[in-house]
Amino acid sequence: MNTIETATMDQDAVATGAVPAATDQAKKELDKDFETVGQVRVANPRMTTTAVNVYYGDKHAIKNVNLDIGANEVIAMIGPSGCGKSTYLRCLNRMNDTIDGCRVTGELKLDDQDIYDKKLDVVPLRARVGMVFQKPNPFPKSIYDNIAYGPRIHGLAANRTELDEIVETSLRKAGLWDEVKDRMDQPGTGLSGGQQQRLCIARTIAVSPEVILMDEPCSALDPIATAKVEELIDELRQNFTIAIVTHSMQQAARVSQRTAYFHLGNLVEVGETTQIFTNPTHKLTEDYITGRFG
Amino acid sequence: MTTPVTNKGARTADIVQASLKKRYAKEQRFKAIGLGAIVLGLTFVSLLFINIVSKGYSAFVQTHVQLEVYFDPAVIDPTGQRDMEQLARADYRQLVRAPLREMFPEATSRRDKRALYSVLSSGAAFELQQMVMADPDLIGETRSVWVIADDEIDMLYKGYVDRDAPAIERRVSDQVIGWVDTLEAKGLIDAKFNTRFFTNGDSREPELSGIGGAISGSFFTLVVTLLLSFPIGVAAAVYLEEFAPQNKFTDMIEVNINNLAAVPSIVFGLLGLAMFINWFGLPRSAPLVGGLVLTLMTLPTIIIASRASLKSVPPSIREAALGVGASKMQTITHHVLPLAIPGMLTGAIIGMAQALGESAPLLMIGMVAFIVDIPGGPFDPSTVLPVQVYLWADSPERAFVERTSAAIMVLLAFLITMNILAVVLRRRFERRW
């Protein structure tokens, strides 16, 4: 049985009596078969996950998580560093396959299709579940080719005109069209940080995914670029389902409808964003929200 | 914080000040040693170059004698039918000897005449034949032709013969020296640019020999080596880097590849002899076999350089490609390889430069033979430039000394060009993202 390593700050806090014993007690609860507090399941989910466990070698990183991702909603995943939110996110499009020694168990479904089925081809899965990474990573190609790459390899455009259309639509949706329409041939790496991240978002939506996973998309951006991206997320919600990992609680409060709080591999609580941030049920959630630890 | 951590009674600043002199002195010594090492290395390289160039530069000119040649139809084409076979078989030696006799009528005895004729190369007659075959209208004309001189005369004219030494120690007699001086006074002898050095194949006569055959042989060998080693090396590197699982088996493969890079090159020659020539029955001395042997030799270099280049592609690019739904193969061919190609090219060029200078493995597979014809393809017997240098270095004629050095100069020129190209490519393509 793996023991949870408690934060040293908390041990000190408990020792000096600053943190009430309730928190300590709450943490001990996570050891046993913990059941998530709040509404794990939704009415019409896009993705459902049941009893997900992830191991990095011997380290038990994600412990028995059940969670639904609802259609056309933005769900934010928050939690202290190292709690496993990025790991969980990467399970949803099987990006953890690229990591040696990573083992995923449990049932993960996209529209009632088991995505970890041995017979499933992971390539179309990643076209249906796209990902935006923490650090913007445009291809070292032209802006046009960056967006066009996905549709090209999946054969989504019959000819050049259709491809041009897809590229323009994606860039418009990402709010980048006006800024780059005159320099489509220039390398994508020549844009500013915020523009690069929006380029990556445009690249992701160019293949018309059903779900977009965002792993701390604004952590490398300045506040103005962050605001633009958050605006974008709100607009995208109409057509896509979005799961966003963020370490900024303010951002989670701004963009999401549901919020899931992770703590050291366990999904502690999930619920409506307003409820989580004003009236959390679990003690650990409350402590995190109020800044007792993070 | 007034008490310093290392409290010895004195202020820290004073202790540091005292130690400064020693520290700077140490630094200066170290710098001097480094500089000295560079200067030493550069000195030896300069000495090497000066030595080779001073010995070899004279090989780029060849002594010629100007003769008034009468293309006597009686000798060349007695029947008057301009039959090509007849033209080829005519005795052109008479045509070159006649003007010599006219210039120096004092040579009457048989021995004197033979000495007179030895001023010209044995290939002079052949070159006249080539002229007539190319343009039969020359028959009956008198032309001024610059005819190639013998290698001893060449050495004499270039000043390599010690005129003060006693006659027995010289290869040219006083009589011949007198004739050459007369020719020089009349302006009928001159050193012209030695085009034969680049166009002709090997020959026993130094004045007729050239590196043309060796350059062709080297070219075909390198082409075979490049065509084989680059794809195989890159494919192996891609597999080992991207697809191979991390287990003991692949570890062993890696160790073996690194070891192969350290194997003495002549061992590859033995392997080539045993396998390619004996077992597969491939033609001996052919650039094909040479290329195969050199491929085995350069493969470790290319694999190691390619792997390093693949490793340097940031994982974020791979993740981005996978995230958009590219398959593993597409990620590699569309994104990783284009970014890794410059590094691979550099490794390939350096590998080719090494292969160009190799002679030991090629000796074993027979490229050491005396081959006169210039090879037309990878299956014809040939030799390569470093081996040609080795063969000429062994030859007794004095004229081969300068030609050996000249061949080395040509080889070095190619090597330097290739290495500069590798450096330029690396600089140009560094960090394109």
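Residues numbered from 1 in each chain as written. Chains lettered and ligands numbered in written order. Predicted model: local features only at pLDDT ≥ 70, side-chain atom pairs only at ≥ 80, totals over all residues.

Let us now look at the overall build of chain A. In terms of regular secondary structure, chain A is built from twelve helices and eleven strands. Residue burial in chain A is summarised as follows: out of 294 residues, 43% are buried. Summarising the internal contacts of chain A: among those between residues at least 6 apart in sequence, 71% fall at separations of at least 24. (Helix = DSSP H or I, 4+ residues; strand = E, 2+ residues; numbered from the N terminus. Buried ≥ 20, exposed ≤ 12 C-beta atoms within 10 Å, placed from the backbone. Contact = placed C-beta atoms within 7 Å.)

Scanning chain B for helices and strands turns up 18 helices and three strands. At 32 Å, chain B has a C-alpha radius of gyration far larger than the 22 Å of a compact globule built from 433 residues. Expressed along its principal axes, the backbone C-alpha trace of chain B runs to roughly 110 × 65 × 40 Å. Classification of the 433 residues of chain B by burial places 35% in the buried group. When contacts within chain B are restricted to residue pairs at least 6 apart in sequence, long-range pairs at least 24 apart make up 78% of them. (Rg over C-alpha atoms; globule rule 2.2 N^0.38 Å.)

All names here are of chain A. In terms of burial, strand 4 (residues 74-78) is a largely internal element, five of the five residues being buried. The two faces of strand 4 match: Val74, Ala76 and Ile78 on one face and Ile75 and Met77 on the other face are all buried. Pairing analysis gives four bridges linking strand 4 to strand 9 (residues 241-245), with the strands arranged parallel. For Met77, the partnering residue across the bridge sits in strand 9 and is Val245. As defined by bridge partners, strand 4 adjoins strand 10 (residues 258-263) across four bridges and the pair is classed as parallel. Residue pairing in the sheet places Ile78 in a bridge with Tyr261 of strand 10. (Pairing = 2+ DSSP bridges.)

Let's shift gears to the nonpolar core. Formed by 79 residues in total, the largest nonpolar core has its most connected members in Met77, Ala202, Leu213, Ile242, Ala243 and Ile244 of chain A. Those residues in contact with Met77 of chain A that lie beyond four places of it in its chain are Lys85, Tyr88, Leu89, Ala243, Val245, Ala260 and Phe262 of chain A. Ranked by size, the runner-up nonpolar core spans 53 residues in total, among them Val289, Ala340, Ile349 and Ile408 of chain B. (Core = buried A, V, L, I, M, F, W, Y, C linked by C-beta atoms within 7 Å.)

Taken domain by domain, chain B comprises domain 1 (62-194) and domain 2 (212-429). Put simply, the middle of domain 1 of chain B and the middle of domain 2 of chain B, counted by C-alpha atoms, are 46 Å apart. (Domains from an automatic or database assignment.)

Next up on the list: the sheet that holds strand 5 (residues 102-110) of chain A. All names here are of chain A. Pairing is antiparallel across the open sheet formed by four strands, whose spatial order is 3-2-5-6. In this open sheet, the two edge strands, each paired with only one partner strand, are strand 3 (59-70) and strand 6 (113-114). In the sheet, strand 2 (residues 45-56) pairs with strand 5 via eight bridges, with the strands oriented antiparallel. Bridging from a neighbouring strand, Tyr55 pairs with Arg103 of strand 5.

Turning our eyes to something else, we now look at the sheet that holds strand 10 of chain A. Residue and element names in this part refer to chain A. Overall, mixed pairing links the seven strands, which are arranged 1-11-10-4-9-8-7 in an open sheet. With partners counted over all chains shown, the strands left at the sheet margins are strand 1 (37-38) and strand 7 (129-132), one partner each. Pairing geometry for strand 8 (residues 211-215) and strand 9, over five bridges, is parallel. The residue bridging Met214 from the neighbouring strand is Ile244, located in strand 9. In the packing of helix 8 (residues 193-205) onto the sheet, contacts are made with strand 7 and strand 8, and the angle to strand 7 comes to roughly 175 degrees. (Axes fitted to C-alpha atoms, helices over the stretch in contact; angles between N-to-C directions.)

Taken residue by residue, the interface counts 16 residues in chain B and 21 residues in chain A. Where the side of chain B that touches chain A is concerned, the elements lending two or more residues are helix 14 (315-324) and helix 15 (328-356) of chain B. Here the side of chain B that touches chain A takes seven residues from helix 14 of chain B, the largest share from any one element. Residues of the side of chain B that touches chain A, tallied by class, amount to seven nonpolar, seven polar and two charged. (Nonpolar A, V, L, I, M, F, W, Y, C, P; charged D, E, K, R; others polar.)

With 29 residues, helix 15 of chain B extends just 37 Å between its outermost C-alpha atoms, more than 12% less than the 42 Å of an ideal straight helix rising 1.5 Å per residue. At Leu337 of chain B, helix 15 of chain B shows its largest kink, close to 50 degrees, and the proline Pro338 of chain B lies no more than four residues downstream. (Expected span 1.5 Å × (residues − 1). Bend = angle between axes of the 7 residues up to and from the residue.)

Residues and elements named next belong to chain B. Along helix 4 (residues 93-103), the residues that are buried comprise Leu95, Val96 and Pro99. Within helix 4, the buried residues cover an arc of 100 degrees as seen down the axis, which keeps them to one side. Tucked into the core, helix 4 has its buried residues touching strand 1 (61-70), helix 2 (73-76), helix 6 (124-134) and strand 2 (142-148). (Arc of directions from axis to C-beta.)

Residue and element names in this part refer to chain B. Helix 6 packs onto helix 4 with a crossing angle of 115 degrees between their chain directions and a minimal axis gap of 8 Å. Looking at the two axes, helix 4 sits roughly perpendicular to helix 6. Crossing handedness for the pair helix 4 and helix 6: right-handed. Residues Arg93, Leu95 and Val96 of helix 4 form the contact with helix 6, whose own contacting residues are Ala124, Ala125 and Leu128. Its residues assigned to classes, the contact of helix 4 with helix 6 comprises five nonpolar, no polar and one charged. (Parallel < 35°, antiparallel > 145°, perpendicular 65-115°, else oblique. Left-handed = near helix turned anticlockwise from the far one by under 90°.)

Considering every residue of chain A, the mean pLDDT works out to 86; 88% of them sit at 70 or more. No element of chain A has a lower mean pLDDT than helix 1 (residues 8-16) of chain A, which averages 47, and none a higher one than strand 9 of chain A, which averages 95. (pLDDT = per-residue confidence, 0-100.)

Moving on to the pairing of strand 11 (residues 266-272) of chain A. In summary, the side chains of a regular strand alternate between the two faces of the sheet. All names here are of chain A. Burial within strand 11 is extensive, with six of its seven residues counted as buried. Alignment of strand 1 against strand 11, held across two bridges, turns out to be parallel. Across the sheet, residue Gly38 finds its bridge partner in strand 11, namely Val270. When strand 10 meets strand 11, the two strands line up antiparallel, connected through six bridges. By the bridge assignment, Ala260 is partnered in strand 11 with Val270. The antiparallel pairing of strand 10 with strand 11 creates a hairpin that spans two residues between the two strands, and Leu264 there sits at a positive phi of about 50 degrees.

Next up on the list: the confidence of the model for chain B. Chain-level statistics for chain B give a pLDDT mean of 89 and a share of 97% at 70 or above. Scoring the predicted complex yields pTM 0.79 and, for the interface, ipTM 0.84.

This paragraph deals with the environment of Leu199 of chain A. All names here are of chain A. Take Leu199: it is sitting in helix 8. In this structure Leu199 comes out as buried when scored by C-beta crowding, with 26 C-beta atoms within 10 Å. The sequence separation of Leu199 and Thr189 amounts to ten residues, and the corresponding C-alpha distance is 9.9 Å. Excluding residues that lie within four positions of it along the chain, Leu199 makes contacts with Pro138, Ile143, Asn146, Leu176, Gly188 and Leu191.

Turning to the environment of Val65 of chain A, a few remarks are in order. Residue and element names in this part refer to chain A. Along the chain, Val65 turns up in strand 3. Looking at Val65, the number of C-beta atoms within 10 Å reads 25, which means it is buried. Once the C-alpha coordinates of Val65 and Asn266 are considered, the two residues, 201 residues apart in sequence, prove to be 6.6 Å apart. Apart from the residues within four sequence positions on either side, Val65 is in contact with Thr49, Val52, Tyr88 and Leu267.

Below, the discussion takes up unusual backbone geometry. Non-glycine residue Ala51 of chain A carries a positive phi angle of around 50 degrees. With respect to the helices and strands, the residue Ala51 of chain A is situated in strand 2. C-beta crowding within 10 Å serves as the criterion here: with 12 such atoms nearby, Ala51 of chain A is assigned to the exposed category. Positive phi outside glycine occurs at Ser285 of chain B, with the angle close to 65 degrees. Tracing the backbone through its elements, the reader meets Ser285 of chain B in the loop between helix 12 (265-279) and helix 13 (287-311). By the C-beta count within 10 Å, which is 21 here, Ser285 of chain B ends up buried.

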